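Here is what each chain is made of, one letter per residue.
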Amino acid sequence: MTAQALLIQRSEMVLRQLKARGIKEQTVLKAMATVPREVFVPEALLSRAYEDGPLRIGKGQTISQPYVVALMIQALELDLRSNVLEIGTGSGYGAAILSRVAGQVTTIERIGHHAARASTRLKELGFDNIEVIDGDGIQGFEKNAPYDGIIATACGGEIPSALKNQMKNGGRLVMPVVDGSYSQRLIKLIRRSESKFDEIDLGPVAFVPLLSGIES
Ligand code: SAH
């Protein structure tokens, strides 16, 4: 796979998987056209880096489908002053896209192996506005709160109250939530006041589960 071939695949992904399906936010499209997804997938899957689906990254986890990454990040309505929290760093790809459309990114991963790899990779690539935390994101990360945007890339039974509490007034949260035994919905919350949240259903999705506690 040459660098040139990967570059062509990346721009085709933006055109066919994102623009064709209605992703419009220019900052998100630009980030997806710039960040090299191939660096975040296992070497053996290099030639599949721009496939229209999730890929396995080890320890039962996946790097999300490009369209889903773009859809979720677009829904967060971020700008370069935004303070963002991501639950589920995984490969670090989502954090890299967030870092291009927001001001400051905090990302939490419960599997130590993935947190360490993502942290090293993001530093090597020069992303200097991302803080990778090795821990359980169900409690959020109070130290850097409140957040303009919170994104969870693992599916929970409900939206954890700690995450709702760490949203700014006017802030947005996007997270997959269980809906029946085999289905999940992507939910967007907008915090209107201390206790009022509006909820928007962004459609069906398939994510790995949000688990409590940590592992190596
Ligand atoms: N955003 C990632 C997607 C990773 S898949 C990427 O771009 O690659 C979801 C990740 O969420 C997995 O790595 C999983 O270990 C992690 N996860 C699940 N429950 C978690 C929790 N409670 N706290 C932090 N991370 C969690």
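Just above sits the structure.
What counts and how
- Residues numbered from 1 in each chain as written.
- Predicted model: local features only at pLDDT ≥ 70, side-chain atom pairs only at ≥ 80, totals over all residues.
- Heavy atoms only, no water.
- Pairing = 2+ DSSP bridges.
- Helix = DSSP H or I, 4+ residues; strand = E, 2+ residues; numbered from the N terminus.
- Near = heavy atom within 4 Å.
- Polar contact = N/O pair within 3.5 Å; in protein donor to acceptor, adjacent residues only side chain to side chain.
- Areas by Shrake-Rupley, 256 points an atom, 1.4 Å probe, with all protein chains shown as cover.
- 1 Å grid on protein atoms, 1.4 Å probe; cavity = no way out; pocket = protein on both sides within 12 Å on 5 of 7 lines; lining within 4 Å.
- Sits in = over half its atoms within 2 Å of the grid points.
- Axes fitted to C-alpha atoms, helices over the stretch in contact; angles between N-to-C directions.
- Left-handed = near helix turned anticlockwise from the far one by under 90°.
- Contact = heavy atoms within 4.5 Å.
- Nonpolar A, V, L, I, M, F, W, Y, C, P; charged D, E, K, R; others polar.
- Core = buried A, V, L, I, M, F, W, Y, C linked by side-chain atoms within 4.5 Å.
- Buried < 20%, exposed > 50% of the residue type's maximum accessible area, 1.4 Å probe, protein only.
- Arc of directions from axis to C-beta.
- Points joined across faces, edges and corners; volume = space filled by probe spheres on them.

**A look at the pairing of strand β7 (residues 167-178)**
Here's step 1: Where strand β6 (residues 147-152) and β7 come together, four bridges link them in parallel fashion. For G149, the partnering residue across the bridge sits in β7 and is R172.

**A few points about the site of the ligand**
Here's step 1: S91, E109, D136, G137 and L211 are the nearest of the 26 residues found near the ligand.
Here's step 2: At 2.6 Å, a side-chain N or O of E109 approaches an oxygen atom of the ligand.
Here's step 3: Take L211: an N or O atom from its main chain is 2.6 Å from a nitrogen atom of the ligand.
Here's step 4: The protein chains hide 99% of the 580 Å² of surface that the ligand would expose on its own.
Here's step 5: Given that more than half its atoms are within 2 Å of the pocket grid, the ligand belongs to the largest pocket.

**As for the packing of helix α1 (residues 3-18) against helix α2 (residues 26-34)**
Here's step 1: Put simply, α1 and α2 touch, their axes get as near as 8 Å, and they point 145 degrees apart. Considering only the axes of α1 and α2, their crossing is right-handed. For the pair α1 and α2, contact is made by R10, M13, V14 and L18 and by L29, M32, A33 and T34, respectively.
Here's step 2: By residue class, the composition of the contact of α1 with α2 is six nonpolar, one polar and one charged.

**Considering the side chain of T89**
Here's step 1: Mapped onto the elements of the fold, T89 is located in the loop between β3 (83-87) and α4 (93-101).
Here's step 2: If we ignore the near neighbours within four places in the chain, the residues touching T89 are T107, I108, E109, A118 and V132.

**Digging into the nonpolar core**
Here's step 1: Membership of the largest hydrophobic core comes to 45 residues, with the highest contact counts inside it found for L18, M32, I73, L78, Y93, I97 and L98.
Here's step 2: It is helix α3 (residues 66-75) that provides the largest number of residues to this core, a total of seven residues.
Here's step 3: In contact with M32, not counting residues within four places along its chain, are R10, M13, V14, L18, P66, V69, A70, Y93 and I97.
Here's step 4: Counting residues in hydrophobic clusters, the runner-up holds 19 residues, among them Y147, I159, L173 and V208.

**A short note on α2**
Here's step 1: Those residues of α2 that sit buried are V28, L29, A31 and M32. Taken around the axis of α2, the buried residues stretch over an arc of 165 degrees, which confines them to a single face. Opposite the buried face of α2, by more than 90 degrees, sit the exposed residues Q26 and K30.
Here's step 2: Among the structural elements, α1, α3 and α4 are those in contact with the buried residues of α2.

**Here's the deal with empty space enclosed by the protein**
Here's step 1: In the structure shown here, the tally under the stated rule is one cavity of 30 Å³ or more.
Here's step 2: Lining the largest cavity are E25, T27, V28, I73, Q74, L78 and V101.
Here's step 3: Contributions of two or more residues to the lining of the largest cavity are made by α2 and α3.
Here's step 4: Residue composition of the lining of the largest cavity, by class: four nonpolar, two polar and one charged.

**Overview of α3**
The periodicity of an α-helix, 3.6 residues per turn, causes residues three or four positions apart to be oriented the same way.
Here's step 1: Extensive coverage of α3 is indicated by the burial of eight of its ten residues.
Here's step 2: Within the sequence span of α3, burial applies to P66, Y67, V68, V69, A70, M72, I73 and A75.

**Regarding the layout of surface pockets**
A probe matching the size of a water molecule, rolled over the atoms, marks out where space remains unfilled.
Here's step 1: Put simply, the largest pocket is a space of about 570 Å³.
Here's step 2: Taken together, 38 residues line the largest pocket, and the ones lying closest to its centre are T62, S64, T153, F207 and V208.
Here's step 3: Put simply, the parts of the chain that give the lining of the largest pocket at least two residues each are β2 (61-63), α3, β3, α4, β4 (104-109) and β9 (197-205).
Here's step 4: Take the lining of the largest pocket: its biggest share by element is four residues, from α3.
Here's step 5: Partitioned by chemical class, the residues of the lining of the largest pocket number 20 nonpolar, 14 polar and four charged.

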